[in-house]
Amino acid sequence: MKKFQCDIVTLPAYRAMGMKWNGPYSDVSQLKEVIHTMEHRVEELKDVINPNIQLGLSYHTRNDGFEHYSVFEVKRTQPLLEGMVEIDVPEMTYFVTTHQKGENIGQTYEQIKQWLAESEYTPFQDSSRQFYDPLPIKHERYPMDRDLLDPHFEILIPVTTK
């Protein structure tokens, strides 16, 4: 197994806008369509902060699936567009690593769980919601030039100290 590289960083709050999907794992193919649609709709966002980084914000709030926001970070001046949702992400401390092209995504997440289990950190959970996954909140940053069949992307897991 290769050396696992990660950082713990605190990132400021931000506003994001895009499309939301909420469904069971069995319908995850629909999520790919939402992500693909949002890749093209970024052009409609006049006050987008970085059009080259698409965000995938997943919240495991259902026992058979999850809710996912396919979004881009936007300025406060960006009006909400038709067919889109906005989400305000608070300042949080994150475990950050990169999933490399050619690696198994499931294995990358297993390494994250293992690292957290042996560290002084635990995944953050919003106490006002129920979660159904050992990594209840997963934020991913996808470069727009990624290979859709074998992507590389940054993984951010909100954490708190044990």
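A quick note: this is a predicted structure, and the numbers were derived from the prediction, not measured. (Residues numbered from 1 in each chain as written. Predicted model: local features only at pLDDT ≥ 70, side-chain atom pairs only at ≥ 80, totals over all residues. Heavy atoms only, no water.)

(A) Geometry of the UniProt feature "domain: AraC effector-binding" (unreviewed entry) in the protein chain. The feature "domain: AraC effector-binding" (unreviewed entry), as annotated in UniProt, sits at residues 4-160 in this numbering. With 17% helix and 43% strand, residues 4-160 has end C-alpha atoms that lie 20 Å from one another. (UniProt positions renumbered as here; feature names shortened; annotations may be inferred. Helix = DSSP H or I, 4+ residues; strand = E, 2+ residues; numbered from the N terminus.)

(B) Broad picture of helix α2 (residues 105-117). Counted at 1.5 Å a residue, the expected span for α2 with its 13 residues is 18 Å, and the 19 Å between its end C-alpha atoms agrees. Considered for burial, the residues of α2 that qualify are Thr 108, Tyr 109, Gln 111, Ile 112 and Leu 116. Buried positions in α2, seen along its axis, are confined to an arc of 155° and lie on one side of it. Those residues of α2 hidden inside the fold are in contact with β6 (92-99), β7 (121-123), β8 (137-143) and β9 (153-161). Two or three places before Gly 106, at the start of α2, stands the capping residue Asn 104, its side-chain oxygen 2.8 Å from that residue's backbone nitrogen. (Expected span 1.5 Å × (residues − 1). Buried < 20%, exposed > 50% of the residue type's maximum accessible area, 1.4 Å probe, protein only. Arc of directions from axis to C-beta. Contact = heavy atoms within 4.5 Å. Polar contact = N/O pair within 3.5 Å; in protein donor to acceptor, adjacent residues only side chain to side chain.)

(C) Spotlight on the pattern of salt bridges. One pass over the structure, following the stated rule, counts 10 salt bridges. Measuring nitrogen to oxygen at the nearest pair gives 2.7 Å for the salt bridge that ties Arg 62 to Asp 64. Its relative accessible area of 34% is what places Asp 64 among the partly exposed residues. (Salt bridge = Lys/Arg side-chain N within 4 Å of Asp/Glu carboxyl O.)

(D) Highlighting helix α1 (residues 28-41). Between its first and last C-alpha, α1 extends 20 Å over 14 residues, near the 20 Å set by a 1.5 Å rise per residue. When α1 is considered as a whole, its buried residues turn out to be Leu 31, Val 34, Ile 35, Met 38, Glu 39 and Arg 41. Summarising the axial view, the buried residues of α1 lie within an arc of 170°, below the 170-degree limit, and thus occupy one face. Facing away from the buried surface of α1 by more than 90 degrees, the exposed residues are Lys 32 and Glu 33. For α1, the elements touching its buried residues are β2 (14-24), β3 (53-62) and β4 (65-74).

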